[in-house]
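# Residue-level structural notes
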Amino acid sequence: MQTAVLMPFHLGYVQFGRLFYPLFPLFMTVGINMVKIHDCAGGKTDTGTDGLCAVTALIFSAGLSSGLAAGAGSDAAQLFAVCTMGAAGGFLFWGCSPAKLYLGESGALALGGLMTMAVLLSGEYFVFLLAGAAVVVDGACGLLQYIVFKIRKKLLMKGYTLHEHLQKKGHGDHSVIGIFAVISVAGAAAAIAFLIYSGKFFI
């Protein structure tokens, strides 16, 4: 397994060596749980937005598969990303607001597993921060909310995550999905650019 990670801004590859092996499961665990929090924090379905997680996964997978195709990336990763995109798109037929089918905590964990696995197969780990920008932003807001509450005993936002905060500010499901879709599309475009750039590097 490749133990070097390509960095952005012409920094080239950083060789992690043996340190890569404990970081590998840590990356998967953090990534999967960020997707779970993005769906519904703490497993509470009333904090979720119907279809948000699936829309994010759909755009994430579209960006990853397009970037791998343009940048001559891994065929296995590209196929995995396309399959993930199909699964997320198929779920949205019934799962978009108003939902007739709910993703739930187990579904969000499965979707997070598919997204992180596609990245692992590609070998381009940094791309998760780009294509998964919506998930990362939501997870970072949740972490910041937790830290601020622990220190000051005050809430920074109205909800645990950014999407929950937007809901409590009066935004409907479709409005929240639209906001995160814009973040996801911008991140996917950045991921495509990064994967094209990474195609020019060889270890």
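Below is a short write-up of the structure. (Residues numbered from 1 in each chain as written. Predicted model: local features only at pLDDT ≥ 70, side-chain atom pairs only at ≥ 80, totals over all residues. Heavy atoms only, no water.)

## Details of the overall build of the chain
Looking only at helices and strands, the chain features 8 helices and 2 strands. Starting at the N terminus and ending at the C terminus, the chain contains elements arranged as β-β-α-α-α-α-α-α-α-α. A compact globule built from 203 residues should have a C-alpha radius of gyration of about 17 Å, and the chain, at 17 Å, falls within 12% of that. Contacts spanning at least 24 positions in sequence make up 67% of the contacts within the chain whose residues lie at least 6 apart. Surface exposure of the chain reaches about 10,100 Å², of which carbon and sulfur atoms provide 69%. Of the side-chain charges in the chain, 12 are positive and 9 negative, and the distance between the mean point of each set is 13 Å. (Helix = DSSP H or I, 4+ residues; strand = E, 2+ residues; numbered from the N terminus. Rg over C-alpha atoms; globule rule 2.2 N^0.38 Å. Contact = heavy atoms within 4.5 Å. Areas by Shrake-Rupley, 256 points an atom, 1.4 Å probe, with all protein chains shown as cover. Lys, Arg positive; Asp, Glu negative; His and termini not counted. Charge placed at Lys NZ, Arg CZ, Asp CG, Glu CD.)

## Observations regarding helix α2 (residues 52-70)
In this model, α2 (19 residues) spans 27 Å end to end at C-alpha, consistent with the 27 Å of a helix rising 1.5 Å per residue. Counting buried positions along α2 yields 14 of 19 residues, so the element is predominantly enclosed. (Expected span 1.5 Å × (residues − 1). Buried < 20%, exposed > 50% of the residue type's maximum accessible area, 1.4 Å probe, protein only.)

## Considerations on the layout of surface pockets
Volume-wise, the largest pocket comes out at about 420 Å³. Forming the walls of the largest pocket are 16 residues, and the residues nearest its centre are Leu-23, Phe-27, Tyr-125, Phe-126 and Leu-129. Broken down by secondary-structure element, the contributors of at least two residues to the lining of the largest pocket are β1 (4-7), α1 (20-39) and α5 (127-131). Broken down by class, the residue content of the lining of the largest pocket amounts to 15 nonpolar, 1 polar and no charged. (1 Å grid on protein atoms, 1.4 Å probe; cavity = no way out; pocket = protein on both sides within 12 Å on 5 of 7 lines; lining within 4 Å. Points joined across faces, edges and corners; volume = space filled by probe spheres on them. Nonpolar A, V, L, I, M, F, W, Y, C, P; charged D, E, K, R; others polar.)

## Considerations on the pattern of salt bridges
When the charged atoms of two side chains with opposite charge come close together, those side chains can pair. Summed over all chains, the structure comprises 2 salt bridges. Here Glu-105 makes a salt bridge to Lys-36, at a shortest N to O gap of 3.3 Å. One end of the pair, Glu-105, is in helix α4 (residues 104-122); the other, Lys-36, is in helix α1, with 69 residues separating them in the sequence. Given the relative accessible area of 35%, Glu-105 is considered partly exposed. What makes Lys-36 buried here is its relative accessible area of 16%. Across the salt bridge formed by Lys-168 and Glu-164, the nearest N and O atoms sit 3.3 Å from each other. On the criterion of helical spacing, the pair formed by Lys-168 and Glu-164 is a turn pair, its members being 4 residues apart in helix α7 (residues 162-168). (Salt bridge = Lys/Arg side-chain N within 4 Å of Asp/Glu carboxyl O.)

## Some details on helix α8 (residues 173-198)
In this model, α8 (26 residues) spans 36 Å end to end at C-alpha, consistent with the 38 Å of a helix rising 1.5 Å per residue. Along α8, the residues classified as buried are Val-176, Ile-177, Phe-180, Ala-181, Ser-184, Gly-187, Ala-188, Ala-191, Phe-194, Leu-195, Tyr-197 and Ser-198.

## Examining the state of the cysteines
The tally for this structure, following the rule as stated, stands at 0 disulfides. The closest cysteine sulfur to the non-disulfide-bonded Cys-141 is located on Cys-53, 16 Å from its own sulfur. (Disulfide = S-S within 2.5 Å.)

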